[in-house]
Amino acid sequence: MAEVDAHPWHSGVVNCAVYERGKRTSGPTVHYTEALDLARRCKDGFVWLGLHEPSAAEFEGLAAEFDLHPLAVEDAVKAHQRPKLERYGETLFIVLKTARYCEHEELAGGTEVVETGEVMLFVGPDFVVTVRHGDARRLDVVREGLEARPELLAHGPAAVIYAVADRVVDDYLAVAAALEDDVEDVELQAFTPGRTDPQRVYQLQREMLEFRRAVVPLVRPLEALVGGQLEQVPVEIREYLRDVEDHLKRVTEQVEGYELLLSGILQATLTTVSVQQNNDMRKISAWVAILAVPTSIAAIYGMNFDHMPELHWRYGYPLAVAVMAAICLALYRGFRRNGWL
């Protein structure tokens, strides 16, 4: 039996196995050409080939063997695609964006709250090729979970579509729940004196936008999968996918709500900062007005003219100081009464 490298992930191949009637019939190191030939000889068999960030050269022979469309192959190699569903003859090309919440102590300019990746699926009548970019969601857990449910795996490649989509959307739910805590935290900070920081709110908005790009575009591909227009997806799998669609719509509603709330928080934060700055400016202006009185009087009497009122009077100096103090006190009380100090 032909085998791939002893460490197959070095060449992009993570796992390759043949399934017949919901049960695995080959080991993880069988070569994909032999696996595909074996799957086509089996009744209701298919091969599941898993790849991680393959290069164009690694994909060249594989694409010819599985008859994959060049445009889809180009997208799978370059990555950075939006969630989508495309049909090339009997082969479906599905792109899913994965998401993972990154723990952090405090939001800052360089904080990454949501880490995203991509999972792409080529789904044919007797094969599934999954291509993973990034580490936000490993598919070995998905494979193990699906192999533990042979009655579901017996439905063929469509079962893999459901299992991968279900895991990806479940991750969305976990990310949305964690983001809710961050939103509540910045909301509390926005109305806490001394902790107002628009940069934190803006950073969270950017991460929310990144999450939205993964979640919202997936709605239409899932609608197509459950709509019954694709013969590759049997009725039994559509029922499972409908549950995934419901979860995705819930996450979409949460994201839209968070975005509206963050916009209000950012506006409130900027307003709070503006009010604080106005208060500071009023205090500065008030003290400038108070200090202007003794400054003006001292400046006038510092001109050293011979003929000035009370210049040679014995009580002239105490009187000038008393007048300055009285005017300053009157101004201080007036500003305090008006809330400027």
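In case you missed it, the structure is sitting above this.
None of these values were measured; they are calculated from a predicted model.

(A) Highlighting the pairing of strand 6 (residues 114-124). Of all 11 residues that make up strand 6, 10 are buried, and the element is covered over most of its length. When strand 5 (residues 91-101) meets strand 6, the two strands line up antiparallel, connected through 10 bridges. Each bridged residue has a counterpart across the sheet, and for Thr98 the counterpart in strand 6 is Gly117. Strand direction decides the pairing type here: strand 6 and strand 7 (residues 127-133), joined by seven bridges, are antiparallel. Bridge assignment links Phe122 to a residue of strand 7, and that residue is Val129. With antiparallel pairing between neighbouring strands as the criterion, strand 6 and strand 7 make up a hairpin whose turn holds two residues.

(B) Structural view of the sheet that holds strand 5. The sheet built from seven strands is open, its strands ordered 2-1-3-7-6-5-4 with mixed pairing. Of all strands in the sheet, those bounded by a partner on one side alone are strand 2 (23-24) and strand 4 (84-88). Helix 3 (residues 70-78) contacts strand 4, strand 5, strand 6 and strand 7 of the sheet and is inclined by roughly 155° relative to strand 6. Sheet strands in contact with helix 7 (residues 198-215) are strand 5 and strand 6, and its direction is about 10° off that of strand 6.

(C) How the structure looks around the pattern of salt bridges. Applying the stated criterion across every chain yields a total of 12 salt bridges. For the salt bridge of Asp75 with Lys84, the shortest nitrogen-to-oxygen distance reads 2.9 Å. For the pair Asp75 and Lys84, one class covers both residues: buried. Arg100 is paired through a salt bridge with Glu115; the nearest N and O atoms lie 2.5 Å apart. Separated by 15 residues along the polypeptide, Arg100 in strand 5 and Glu115 in strand 6 bring together distant segments of the chain. Among the charged side chains, a network of salt bridges with common partners joins Asp75, Lys84 and Glu86.

(D) A look at the environment of Leu261. Tracing the backbone through its elements, the reader meets Leu261 in helix 9 (residues 235-301). Overall, Leu261 belongs to the partly exposed group, its relative accessible area being 35%. Here the alpha-carbon distance between Leu261 and Glu184, two residues 77 residues apart in the chain, equals 9.6 Å.

(E) Just the packing of helix 1 (residues 32-41) against helix 2 (residues 56-66), in detail. Where helix 1 contacts helix 2, the axes come no closer than 11 Å and their chain directions differ by 15°. What the angle tells us is that helix 1 and helix 2 run roughly parallel. Handedness of the helix 1/helix 2 crossing: right-handed. Contacts between helix 1 and helix 2 involve Tyr32, Thr33 and Leu36 from the first element and Gly61, Leu62, Glu65 and Phe66 from the second. Tallied by class, residues from the contact of helix 1 with helix 2 come to four nonpolar, two polar and one charged.

Quick notes on the rules
- Residues numbered from 1 in each chain as written.
- Predicted model: local features only at pLDDT ≥ 70, side-chain atom pairs only at ≥ 80, totals over all residues.
- Heavy atoms only, no water.
- Buried < 20%, exposed > 50% of the residue type's maximum accessible area, 1.4 Å probe, protein only.
- Helix = DSSP H or I, 4+ residues; strand = E, 2+ residues; numbered from the N terminus.
- Pairing = 2+ DSSP bridges.
- Contact = heavy atoms within 4.5 Å.
- Axes fitted to C-alpha atoms, helices over the stretch in contact; angles between N-to-C directions.
- Salt bridge = Lys/Arg side-chain N within 4 Å of Asp/Glu carboxyl O.
- Parallel < 35°, antiparallel > 145°, perpendicular 65-115°, else oblique.
- Left-handed = near helix turned anticlockwise from the far one by under 90°.
- Nonpolar A, V, L, I, M, F, W, Y, C, P; charged D, E, K, R; others polar.

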